[in-house]
Amino acid sequence: MSSENLPQSTEQQLRKPRVAVVFGGRSSEHGISVVTAGAVLNAIDRTKYDVLPIGITTDGRWALTADDPERMAITDRRMPDVAQLAESDEGGVVLSVDPGSREVVYSEPGSVPKALGEVDVVFPVLHGPYGEDGTLQGLLELSGVPYVGAGVLASAVGQDKEYMKRVFTSFGLPVGPYLVVRPREWDLDPQAARKRIVEFAGDHGWPLFVKPARAGSSIGITKIDGLSGLDEAIEEARRHDPKFLVESLLRGREIECGVLEFEDGPRASVPAEIPPVTAHDFYDFEAKYIDSAPGIVPAPLTEEQTAEVQRLAVEAFEAASCEGLVRADFFLTEDGGFVINEINTLPGFTPISMYPRMWQESGVSYQQLVDRLIQAALNRPTGLR
């Protein structure tokens, strides 16, 4: 019997739903995930929900952490870390994979395991591989625990830029020129891979962007103006992912649009624009999170342009079989058309991040956004749907 069909006890019916906020993780986006968790913990209505913060360390240990959002902020340009918040250097949290039980257990070496009670829903705020890419979602499906956001397939598609673009292309969404170099190709014949990149540059021109295929927050991306920077850019991308992409420069404006699932289906927010960042070569990690480069919300677009980018954002959400939330990123090119760059199934989610700001401008506050996502997850079954 699946967990969603199990009868609830009187205690379950009377108590508040318990939300496990899972954050940190093994990816290079560990720090910004901790920052996001602090914002979500601050926003959850404690009169409606009980909260259990669970941090995943950079080596993969699930740790019981302090419910202390103030310690989860960026300090002196340094990112916070789960290890600083963990209640123990050795203790671990275990979630049952029995779909008939949602029990969470905490254990330390030499001690009797301690039951922490059942979890009703997980709010994952993990960015990048080992969390945003379908791996955590698969575990939660096996456990029968509802969770916020996209399912296994959509999470995997949203993380892998190659297959994301392939899905978009198959649905007729406009995608810019790109080239994929897989690990085996690079390991067996890097010279042939370089030759393909040079030919791509000959077709589409310099500069090019070299980026990890399965990373986010603009980590590992290098803009290169010629061959002299190519090897260094590839090394940087492969430091985060053995598979990498090469993309041509699309000249135009950067436009983002949020999608949120409502009872009657997904809706798009007002769009935002990322203006050129003078202190940075492009909208990279430091521009986003350290220097907090401002975005323009709403974007100065015509009514027709706004309607078009909203339509495309919802189409991208549906094409990838997303659930819950998505931020869709576009270029408005010089010829007046929109080209989709990527989607994020778990976008930056601090109050100053673009996704919450777009919904704030659309009439949904940060607190309402968090609550809506939790309620939607509670009402959505696990398993095939």
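Definitions and limits used
- Residues numbered from 1 in each chain as written.
- Predicted model: local features only at pLDDT ≥ 70, side-chain atom pairs only at ≥ 80, totals over all residues.
- Heavy atoms only, no water.
- Helix = DSSP H or I, 4+ residues; strand = E, 2+ residues; numbered from the N terminus.
- Rg over C-alpha atoms; globule rule 2.2 N^0.38 Å.
- Buried < 20%, exposed > 50% of the residue type's maximum accessible area, 1.4 Å probe, protein only.
- Contact = heavy atoms within 4.5 Å.
- Pairing = 2+ DSSP bridges.
- Axes fitted to C-alpha atoms, helices over the stretch in contact; angles between N-to-C directions.
- Disulfide = S-S within 2.5 Å.
- Salt bridge = Lys/Arg side-chain N within 4 Å of Asp/Glu carboxyl O.
- Phe/Tyr/Trp six-rings, centres within 6.5 Å; stacked < 30°, edge-to-face > 60°.
- Lys NZ or Arg CZ within 6 Å of the ring centre and 35° of its normal.
- Polar contact = N/O pair within 3.5 Å; in protein donor to acceptor, adjacent residues only side chain to side chain.
- Parallel < 35°, antiparallel > 145°, perpendicular 65-115°, else oblique.
- Nonpolar A, V, L, I, M, F, W, Y, C, P; charged D, E, K, R; others polar.

Draft legend 1. Seen up close, the overall build of the protein. The helix and strand tally for the protein stands at 13 helices and 16 strands. Taking 21 Å as the expected radius of gyration for a compact globule of 385 residues, we find that the protein reaches 21 Å, a close match to that expectation. Along the longest, intermediate and shortest principal axes, the C-alpha atoms of the protein span 65 × 50 × 45 Å. Taking all 385 residues of the protein together, 54% fall into the buried category. Here the contacts in the protein between residues at least 6 apart in sequence split such that 66% fall between residues at least 24 apart.

Draft legend 2. Inspection of the sheet that holds strand β9 (residues 208–212) at higher detail. Read from one edge of the open sheet, four strands run β8-β11-β9-β10, paired in antiparallel fashion. Only two strands of the sheet have a single neighbouring strand rather than two, namely β8 (178–181) and β10 (222–224). Sheet twist, expressed as the average angle between the axes of neighbouring strands with direction ignored, equals 20°. Pairing analysis gives five bridges linking β9 to strand β11 (residues 244–248), with the strands arranged antiparallel. Of the residues in β11, the one forming a bridge with Phe209 is Glu247. The strands touched by helix α8 (residues 190–204) within the sheet are β8, β9 and β11, with β8 carrying the most contacts at an inclination of about 175°.

Draft legend 3. Focus on the state of the cysteines. Tallying each qualifying case throughout the model produces zero disulfides. In this model Cys257 remains outside any disulfide bridge; the closest cysteine sulfur is found in Cys322, 13 Å from its own. Using a relative accessible area of 6% as the deciding quantity, one classes Cys322 as buried.

Draft legend 4. Representation of the environment of Gln137. Secondary-structure assignment places Gln137 in helix α4 (residues 135–143). Judged by relative accessible area, Gln137 falls into the buried class, the value being 5%. When the C-alpha atoms of Gln137 and Asp241 are compared, they prove to be 20 Å apart, with 104 residues separating the residues in sequence. Ignoring any residue separated from it by four or fewer positions in sequence, one finds Gln137 in contact with Gly131, Glu132, Tyr147, Ala150, Gly151, Val152 and Ser155.

Draft legend 5. Expanded view of the pattern of salt bridges. Scanning all chains against the criterion turns up 28 salt bridges. Between Asp50 and Lys16 there is a salt bridge; the shortest N-O distance is 3.5 Å. Placement of Asp50 in strand β2 (residues 50–56) and of Lys16 in the loop between α1 (10–14) and β1 (18–24) is noted, with a sequence separation of 34 residues between them. We classify Asp50 as partly exposed; its relative accessible area is 31%.

Draft legend 6. Up close: the sheet that holds β1. Spatially, β3-β2-β1-β7 is the arrangement adopted by the four strands of the open sheet, whose pairing is mixed. Of all strands in the sheet, those with a lone pairing partner are β3 (62–64) and β7 (121–124), marking the two edges. Strand after strand, the sheet turns through a mean of 30° between neighbouring axes, direction not considered. The sheet contacts of helix α13 (residues 366–378) involve β1 and β7, and relative to β7 the element is tilted by about 135°.

Draft legend 7. Broad picture of the packing of aromatic side chains. Applying the stated criterion across every chain, the model contains six aromatic pairs. Between Phe330 and Phe338, the aromatic rings sit 6.2 Å apart at their centres with planes inclined by 80°, giving edge-to-face as the arrangement. The residues Phe330 and Phe338 share a single accessibility class, namely buried. Through a chain of ring-to-ring contacts, three or more aromatic side chains come together here, namely Phe123, Phe349, Tyr355 and Tyr366. Looking at Lys165, its charged tip hangs above the ring of Tyr178, at a distance of 5.4 Å from the centre. Positioned above the aromatic ring of Phe262, the side-chain terminus of Arg267 is 3.9 Å from the ring centre.

Draft legend 8. Region of the structure containing the side chain of Glu162. Within the secondary structure, Glu162 sits in helix α6 (residues 161–170). Among the polar contacts made by the side chain of Glu162, one reaches the side chain of Lys243 at a distance of 2.8 Å. Excluding anything up to four places from it in sequence, Glu162 contacts Tyr178, Val180, Arg182, Lys243 and Leu245.

Draft legend 9. Structural view of the side chain of Ser33. The topology assignment puts Ser33 in helix α2 (residues 30–43). Classification of Ser33 as buried rests on a relative accessible area of 0%. Of note is the side chain of Ser33, whose polar atom sits 2.6 Å from the backbone oxygen of Val125. Filtering out sequence-adjacent residues up to four positions away, Ser33 remains in contact with Phe23, Gly24, Val125, Leu126 and His127.

Draft legend 10. Representation of the packing of helix α5 (residues 152–159) against α6 in the model. α6 packs onto α5 with a crossing angle of 105° between their chain directions and a minimal axis gap of 5 Å. Classified by the interaxial angle, the pair formed by α5 and α6 is roughly perpendicular. Contacts between α5 and α6 pair Val157, Gly158 and Gln159 from the former with Lys161, Tyr163, Met164 and Val167 from the latter. For the contact of α5 with α6, the per-class residue count stands at four nonpolar, two polar and one charged.

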